[in-house]
Amino acid sequence: GPECQLCNASNHYLVGGDACKECPTFGAAMGKLVGLALGVCVACGLAAWAYSVQRQSWREKPCVGPSLRLADRAAVYYVGIGATAKIKILIGFLQMAFVLISTYSARL
């Protein structure tokens, strides 16, 4: 990408606008990506299993029930205010703001 072209050394990328750092190997980068994706899938699968399989019995337990009821209320509130679009706009702005400094030497 453009940050790789700014470094004189090959297989390096620009960090913070003034220092070059060596790029990780392809295997290391893919390992991190696969591990992250697998972790998210496992977490979502466990949450879906816990929510659907033993839904009523878990809600009656004093240590788990309040947390599940809070999650239900949070999901209804999240959908009600349309938070998905707002969060997407916020993430887009933050991505632009963080890159603006290193790419154009601009200050906010």
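Since this is a predicted model, take the numbers as computed values, not measurements.

S.K.: Just to check I follow, could you spell out the overall build of the protein chain for this structure?
M.R.: Helices and strands together make up the secondary structure of the protein chain, namely five helices and two strands. Sequence-ordered secondary structure for the protein chain, helices as α and strands as β, is α-β-β-α-α-α-α. In the protein chain, which comprises 108 residues, the share counted as buried stands at 9%. Within the protein chain, contacts between residues separated by at least 24 positions form 2% of all contacts whose residues are at least 6 apart in sequence. Total accessible area on the protein chain stands at roughly 8,900 Å², and carbon and sulfur atoms take up 69% of it.

S.K.: How should I be thinking about helix α5 (residues 83-104) in this particular structure?
M.R.: For α5, with 22 residues, the first-to-last C-alpha span of 31 Å sits near the 32 Å given by 1.5 Å per residue. Taken together, the buried positions of α5 are occupied by Ala-83, Ala-97 and Leu-100. Summarising the contacts, the buried residues of α5 are in contact with α4 (65-80).

S.K.: Would you mind showing me how to read the state of the cysteines here?
M.R.: Linking two cysteines covalently through their sulfur atoms gives a disulfide. The full count for this structure, using the stated rule, is zero disulfides. Cys-41 carries a free sulfur, and the closest cysteine sulfur to it, the one in Cys-44, is 6.8 Å from it.

S.K.: Even after reading the chapter, I still don't get the confidence of the model for the protein chain, so can you show me in this structure?
M.R.: As a general rule, the predicted coordinates of low-pLDDT regions are not to be interpreted in detail. Residues of the protein chain with pLDDT of at least 70 account for 83%, and the chain-wide mean is 81. Across the protein chain, the secondary-structure element scoring lowest on mean pLDDT is helix α1 (residues 2-5), at 60, and the one scoring highest is helix α2 (residues 26-52), at 89.

S.K.: Looking at this structure, how should I read a nonpolar patch on the surface?
M.R.: Together, Leu-90, Phe-93, Leu-94, Met-96, Phe-98 and Val-99 line one region of the surface with nonpolar side chains, adding up to about 600 Å² of accessible area. Structurally, Leu-90 can be placed in helix α5. Residue classification places Leu-90 among the partly exposed residues on the basis of a relative accessible area of 46%.

Procedures and definitions
Residues numbered from 1 in each chain as written. Predicted model: local features only at pLDDT ≥ 70, side-chain atom pairs only at ≥ 80, totals over all residues. Heavy atoms only, no water. Helix = DSSP H or I, 4+ residues; strand = E, 2+ residues; numbered from the N terminus. Buried < 20%, exposed > 50% of the residue type's maximum accessible area, 1.4 Å probe, protein only. Contact = heavy atoms within 4.5 Å. Areas by Shrake-Rupley, 256 points an atom, 1.4 Å probe, with all protein chains shown as cover. Expected span 1.5 Å × (residues − 1). Disulfide = S-S within 2.5 Å. pLDDT = per-residue confidence, 0-100. Patch = residues over 30% accessible without salt bridge, like charges linked within 9 Å, V, L, I, M, F, W, Y side chains within 5 Å. Salt bridge = Lys/Arg side-chain N within 4 Å of Asp/Glu carboxyl O.

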